[in-house]
Amino acid sequence: MSMAEWGNYNWPLISFSFDDGGASTYNVGLPLFQSFGAVACAGIVATYPGNEAGMMSWAEILELQAAGWEICCHSYDHDLTHWNNASEEIMTSQLITTWEILAAQGCRVNNYICPGATVFTSPASVFSTAKQMYHSARSTNLGVNEMPMVDTITALWALKVQYLDGRDITTCKAVIDAEIAYAAKGARHWIQFYGHQFNAEDVVFLTELLMYIQSKNLGIYTTQQALDIGGVVRWE
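Residues numbered from 1 in each chain as written. Predicted model: local features only at pLDDT ≥ 70, side-chain atom pairs only at ≥ 80, totals over all residues. Heavy atoms only, no water.

Turning to the packing of aromatic side chains, a few remarks are in order. Going through the model one piece at a time under the given rule, you end up with eight aromatic pairs. Ring centres 5.2 Å apart and planes at 75° place the aromatic pair Phe16 and Phe33 in the edge-to-face group. Of this pair, Phe16 sits in strand 3 (residues 13–20) while Phe33 sits in helix 1 (residues 23–35), and the two are 17 residues apart along the sequence. As far as the burial class goes, Phe16 and Phe33 line up, both buried. On the numbers, 6.4 Å between centres and 35° between planes, the contact of Phe18 with Trp69 is tilted. With Phe18 in strand 3 and Trp69 in the loop between helix 2 (58–66) and strand 5 (70–73), this residue pair connects regions lying 51 residues apart in the sequence. As far as the burial class goes, Phe18 and Trp69 line up, both buried. (Phe/Tyr/Trp six-rings, centres within 6.5 Å; stacked < 30°, edge-to-face > 60°. Helix = DSSP H or I, 4+ residues; strand = E, 2+ residues; numbered from the N terminus. Buried < 20%, exposed > 50% of the residue type's maximum accessible area, 1.4 Å probe, protein only.)

Right under this line is the structure:
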């Protein structure tokens, strides 16, 4: 199947995000992706390292970053009440504090992954604060997503989010094939595969998926790399 190509990039773009910062991201995910010459994103909850069992240490998170992975912010403490019911003041404070914690540890944080399939629906002042700290934010909702923090994203392409946790290889391959067909018609689309852990079954599933992506000559990019490729104008 032919694929539309812009510059040196075959479309759709592919990204992987693994949220919460579990230790298996470092112990298993990093070497797995390295074996394919690929990178991914790790969504870090700012208060988890050093405080929650089974999570990566800050040193391990920085090793991911040094290996080319993107470190994204995934909230302060993953408490969804801060997103669904919190005041404007609390949300604003969370956005700033979370960025400051990760930055103080040496993380280069550009993008935000909203926890629990939530997304920014708060007043303009919260958007204004977020835009000072992050280049983009996105939900983890399944299917076609908007990135409300990036004003031009929906005009550039469709962002398709597909869960990995169910290990449904047939569906994942079908999503890729469908987006390749759209690309052949001139569309620029972006698939974000989204998961959490790396147990033995996940490794078998992800290995097959990575091999399939490789067989289609598609590139795997971090969120920021994909935004840069798409020429998204960052907010001022």
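We are not done yet, so read on.
Looking now at the confidence of the model for the protein. Close inspection of predicted coordinates is inappropriate for parts of the model with low pLDDT. Confidence along the protein averages 81 in pLDDT terms, with 77% of residues attaining 70 or more. Segment residues 1–7: pLDDT under 50, and 23 contacts once partners within four positions in sequence are set aside and those in other chains are kept. Throughout residues 148–157 the model reports pLDDT below 50, and contacts reaching past four residues in sequence, or to other chains, amount to 34 contacts. (pLDDT = per-residue confidence, 0-100. Contact = heavy atoms within 4.5 Å.)

Summed over all chains, the structure comprises four salt bridges. We note a salt bridge from Lys216 to Asp177, for which the minimum N-O separation is 4.0 Å. Within this pair, whereas Lys216 is found in the loop between helix 8 (200–215) and helix 9 (223–229), its partner Asp177 is found in helix 7 (residues 169–184), the two being separated by 39 residues in sequence. According to the relative accessible area criterion, Asp177 is partly exposed, its value standing at 27%. (Salt bridge = Lys/Arg side-chain N within 4 Å of Asp/Glu carboxyl O.)

So, on to the packing of helix 1 against helix 2. Running from N to C, helix 1 and helix 2 cross one another at 20°; their axes reach a closest spacing of 10 Å. Compared by their axis directions, helix 1 and helix 2 come out roughly parallel. In the packing of helix 1 onto helix 2, the handedness of the crossing is left-handed. Contacts between helix 1 and helix 2 involve Thr25, Tyr26, Asn27 and Leu30 from the first element and Glu60, Glu63 and Leu64 from the second. Looking at side-chain class alone, the contact of helix 1 with helix 2 contains three nonpolar, two polar and two charged residues. (Axes fitted to C-alpha atoms, helices over the stretch in contact; angles between N-to-C directions. Parallel < 35°, antiparallel > 145°, perpendicular 65-115°, else oblique. Left-handed = near helix turned anticlockwise from the far one by under 90°. Nonpolar A, V, L, I, M, F, W, Y, C, P; charged D, E, K, R; others polar.)

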